[in-house]
Amino acid sequence: MIPYGQQCIDAEDIAAVVEVLGSDWITQGSCVPQFEEFVASYVAATYGVAVNSGTSALHISCLALGLEPGDWLWTSPITFVASANCALYCGAKVDFVDIDPQTYNISIAALKEKLAVAELHGTLPKIVIPVHFAGQSCEMEEIYSLAKSYGFKIIEDASHAIGGKYKDKPIGCCKYSDITVFSFHPVKIITTGEGGLCVTNDAEYAENLKLLRSHGITRNATQMVNVDASPHYYEQISLGYNYRLSDIHAALGLSQLSKLDMFVEKRHHLAAVYDNELANLPLILPLQKQDMCSAWHLYVIQLDSNYNYSGGRDKLLSRLRDLGIGVNVHYIPVHTQPYFQRLGFQVGQYKNAEDYYKRAITIPLYPKLTAAQQGEVISSLKMELC
Ligand SMILES: *Cc1c(COP(=O)(O)O)cnc(C)c1O
C-alpha cells in the first residue's frame, strides 16, 4: 500500500539520534535549546519552546494566553481534534467557524459574521485558532485586523505548515498572531517521532510556556519567591506539566530541519505533477492562493459535485485502497464527533465543512513518493474516473 503520508528518515538522521544516545544527556541537554533556536530562526520568530507533541503545544499556548473556564475558543471544524480539545483542557468552551469552500481554511466572512453576533450576546472568544490546512496559510492579515477590533488572541495551528509562506514571510513569524504551534508527528513536514513547538515574539509568553512545559518549576533566581542560592534549589511557582521534549527527539528534529527546504521543494514538485495530470478529471483540485506558498502537507481532491460517481466518495475511497493506494480523509468535521455531539453540537451546523467532508479524499504526498508510485496513483484515478 502506498501511504498518504510518511516520514523521510535517512542515515544522517539515524546517526544524529545514535550520537545523543551515547552521550551524557538524553534529555534536557543541548539539543533541545538548539532545536528551539534553529526553528525560531528558520521561521523568523524570536522565541521557540519545544514540547512533546503539537497537542501539548496547543494546550500550553492556550494557558499562556490566559484561557480560563468560562472563556470561548474558536477554531475550524476541518482540523484534527486537538485544535479544539486544547480549549476543553483549560475548562474553556469551544465553538467552530465554518470553512471557506475554496481553501478549506477558516472563512473570513463566517468569522466576521459570528463575531458580530457574539459581540451582541457577550460571547466573544478569548482565542481564535486558525488552522493552516494542508500547509496553506489562512488569511492572517484579515484575522489579525479582526483580533484588534474584537480583542481576541490568535494561536496559529501550523501543524501542517512549517516551511510554508504567507505574503513572503515564513509561516510562524507571528507577525499576525501571538503564538504559532508546529507538530513533528511522523506524517508532518519534518518529524521528531513525536514532538511539537511553540514560537512567539513575546518574551513573557515564552517564559510562561517554558514554565508550563516543566511542572511550573524555575531555576531562575529572578523568578523565585524566596532567596536561596544553594545549587540544588528550585521553585515551583505555577502549575505546569511534564511536556518536555527529549534530546533524542530534538537531535532527530535538528537533522530533519536541515532537509526541510528540500522536503518542501519535493512536495511542491509532486503537487505540480498532480495539478497537471489530474486537471481533466471530474475532480476539484486544491486551490492555491496568490500570496501564499503552501508547505503542501496534504493533497486533497474532491469529487466534482456534477460528476455522478456511483457509490460516491466512500466507493472511490475503497476502490483506491483496493488498488493499493492508501488514500485517507482529512478531516471528519470535529463537531460531528460523538464527544462533540454530546457537548451539544449538531450535524448540519457547519454546511461548508460537511459538504467538503462528503467529497474529499487525501491522496499520497510525501518526499519519498517515487515518480513510479505517483504514476500509480494517477493512473488508478484515471481508470476509475474516465
Ligand atoms: C497533527 C496535528 C495536531 C496535533 O499534533 P500532535 O503532534 O499529533 O499532537 C494538531 N493540529 C493539527 C491540524 C494537526 O494536523
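See the structure printed just above.
Since the model is a prediction, treat every value here as computed from it, not as a measurement.

Novice: Which parts of the structure should I look at to understand the nonpolar core?
Specialist: A general feature of soluble globular proteins is that nonpolar side chains tend to end up buried together. With 48 residues, the main nonpolar core has Phe35, Ile143, Phe152, Ile162, Phe182 and Val199 as its most contacted residues. Elements with a contribution of two residues or more to this core: helix H2 (31-43), helix H5 (108-121), helix H6 (140-150), strand E9 (196-200), helix H8 (247-257) and helix H9 (260-277). Looking at this core, the element that brings in the most residues is H2, giving six residues. When near neighbours in sequence (up to four residues on either side) are disregarded, Ile143 contacts Ile106, Ile108, Leu111, Pro130, Cys138, Phe152 and Ile154. Counting 46 residues, the second largest nonpolar core, distinct from the first, contains Tyr4, Leu65, Ile78 and Tyr104.

Novice: What is the right way to look at the site of the ligand in this model?
Specialist: Residues in contact with the ligand amount to 16 residues; listed here are only the nearest, Gly54, Thr55, Asp157, Ser183 and Lys188. Within the backbone of Gly54, an N or O atom sits 2.8 Å from an oxygen atom of the ligand. Take Tyr331: an N or O atom from its side chain is 3.2 Å from an oxygen atom of the ligand. When isolated, the ligand has an accessible area of 380 Å², and the protein chains bury 93% of it. For the shell around the ligand, the elements supplying multiple residues, two or more each, are helix H3 (54-64) and helix H4 (82-89).

Novice: Help me understand the state of the cysteines in this model?
Specialist: Covalently bonding the sulfur atom of one cysteine to the sulfur atom of another cysteine gives a disulfide. Evaluation of the coordinates by the stated rule reveals zero disulfides. No disulfide involves Cys86; its sulfur sits 3.7 Å from the nearest other cysteine sulfur, which is in Cys62.

Novice: Please explain the packing of aromatic side chains as it appears in this structure.
Specialist: Centre-to-centre distance and the angle between the planes together describe a pair of aromatic rings. The final tally for this structure, using the stated rule, is 16 aromatic pairs. Aromatic ring contacts, followed pair by pair, group Phe80, Tyr104, Phe133, Tyr331 and Tyr356 into a single cluster. The aromatic ring of Trp74 is capped on one face by Lys114, whose charged end is 5.4 Å from the ring centroid. If you follow Arg313 out to its NZ or CZ, it ends over the ring of Tyr357, 4.8 Å from the centre.

Novice: I would appreciate a short explanation of a nonpolar patch on the surface in the present structure.
Specialist: Nonpolar side chains collect at one region of the surface, where Ile9, Ile14, Val18, Leu21 and Ile26 lie side by side and expose about 430 Å² of accessible area between them. Within the element layout of this structure, Ile14 appears in helix H1 (residues 11-21).

Novice: What is the right way to look at the environment of Asp95 in this model?
Specialist: With respect to the secondary-structure elements, Asp95 resides in strand E3 (residues 93-96). Residue classification places Asp95 among the buried residues on the basis of a relative accessible area of 15%. With 250 residues separating them along the chain, Asp95 and Phe345 place their C-alpha atoms 8.8 Å apart. In terms of polar contacts, Asp95 uses its side chain to reach the side chain of Tyr350, at 2.9 Å.

Novice: Explain the packing of helix H10 (residues 312-322) against helix H13 (residues 371-385) here, please?
Specialist: Angle between the axes and distance between the axes: these two values describe a pair of packed helices. Axis separation between H10 and H13 bottoms out at 11 Å; the angle between their running directions is 135°. Classed by the angle they form, the pair H10 and H13 counts as oblique. Here the hand of the crossing between H10 and H13 comes out right-handed. Across the interface between the two elements, Leu316, Arg319 and Leu320 from H10 touch Ser380, Leu381, Glu384 and Leu385 from H13. Counted by class, the contact of H10 with H13 contains four nonpolar, one polar and two charged residues.

Novice: Just to check I follow, could you spell out H5 for this structure?
Specialist: Every α-helical turn comprises 3.6 residues, leaving residues that sit three or four positions apart pointing alike. Between its first and last C-alpha, H5 extends 20 Å over 14 residues, near the 20 Å set by a 1.5 Å rise per residue. Turning to H5, its buried residues are Ile108, Leu111, Leu115 and Ala118. In an axial view of H5, the angular spread of the buried residues amounts to 85°, which keeps them on one side of the axis. With respect to the buried face of H5, the exposed residues turned more than 90 degrees away are Ala109, Glu113, Leu120 and His121. Buried-residue contacts for H5 involve strand E2 (72-75) and H6. Regarding H5, its N-cap is Ser107, as a side-chain oxygen of that residue lies 3.4 Å from the backbone nitrogen of Ala109 further along.

Novice: Just checking my understanding: could you explain the pattern of salt bridges for this structure?
Specialist: Close approach of charged atoms allows side chains of opposite charge to pair. Scanning the entire structure with this criterion turns up 13 salt bridges. Between Glu139 and Lys289 there is a salt bridge, with the nearest N and O atoms lying 3.5 Å from each other. One end of the pair, Glu139, is in the loop between strand E4 (127-129) and H6; the other, Lys289, is in the loop between strand E12 (283-284) and strand E13 (292-293), and 150 residues separate them in sequence.

Cut-offs and rules
Per chain, residues are indexed from 1 in the order of the written sequence. Selection of residues for local features in this predicted model requires a pLDDT of at least 70, selection of side-chain atom pairs for listing and counting requires 80 or more, and totals for whole chains, interfaces and linings are taken over all residues. Only hydrogens and water are set aside; all other atoms, that is, all heavy atoms of the structure, feed into the side-chain values. What makes a nonpolar core is a set of buried Ala, Val, Leu, Ile, Met, Phe, Trp, Tyr and Cys residues whose side-chain atoms join them at distances within 4.5 Å. Accessible area is worked out with a 1.4 Å probe on protein chains only. A residue is then buried under 20% of its type maximum, exposed over 50%, and partly exposed in between. Counting from the N terminus, the helices are the DSSP runs of H or I reaching at least four residues and the strands are the DSSP runs of E reaching at least two. Whether two residues touch is decided by their heavy atoms; if any such pair falls within 4.5 Å, the residues are in contact. Near, as used in this document, describes a residue that has one of its heavy atoms within 4 Å of the molecule or strand being considered. Here a polar contact means two N or O atoms within 3.5 Å. Within protein one must be a hydrogen donor candidate and the other an acceptor candidate, and residues neighboring in sequence count only if both atoms are side-chain atoms. Only the protein chains shown count as cover for residues, with accessible areas throughout obtained via the Shrake-Rupley method and a probe of 1.4 Å. Count a disulfide wherever a pair of cysteine sulfur atoms falls within 2.5 Å. Only the six-membered ring of Trp is used, alongside the rings of Phe and Tyr, when aromatic pairs are assigned; centres must lie within 6.5 Å, and planes under 30 degrees apart are stacked while those over 60 apart are edge-to-face, with the rest tilted. Distance and angle both matter: a charge sits over a ring if NZ of Lys or CZ of Arg is within 6 Å of the ring centre and within 35 degrees of the ring normal. Patch membership is restricted to residues that have no salt bridge and whose relative accessible area is over 30%. Joining uses 9 Å for like charges and 5 Å for the nonpolar side chains Val, Leu, Ile, Met, Phe, Trp and Tyr. Put simply, a salt bridge is a Lys or Arg side-chain nitrogen that is within 4 Å of an Asp or Glu carboxyl oxygen. To define axes, lines are fitted to C-alpha atoms, for helices over the stretch in contact only, and angles between the resulting N-to-C directions are given on a 0 to 180 degree scale. Just so you know how the angles are binned, under 35 degrees is roughly parallel, over 145 roughly antiparallel, 65 to 115 roughly perpendicular, and the rest oblique. If you view the pair so one helix is near and one far, a crossing is left-handed when the near helix is turned anticlockwise from the far one by less than a right angle, and right-handed when it is turned clockwise. Polar here means any residue outside two lists: the nonpolar Ala, Val, Leu, Ile, Met, Phe, Trp, Tyr, Cys and Pro, and the charged Asp, Glu, Lys and Arg; Gly therefore counts as polar. Expected helix span is computed as 1.5 Å times (number of residues minus one). In this description, one arc is meant: the one made by directions from the helix axis to the C-beta atoms.

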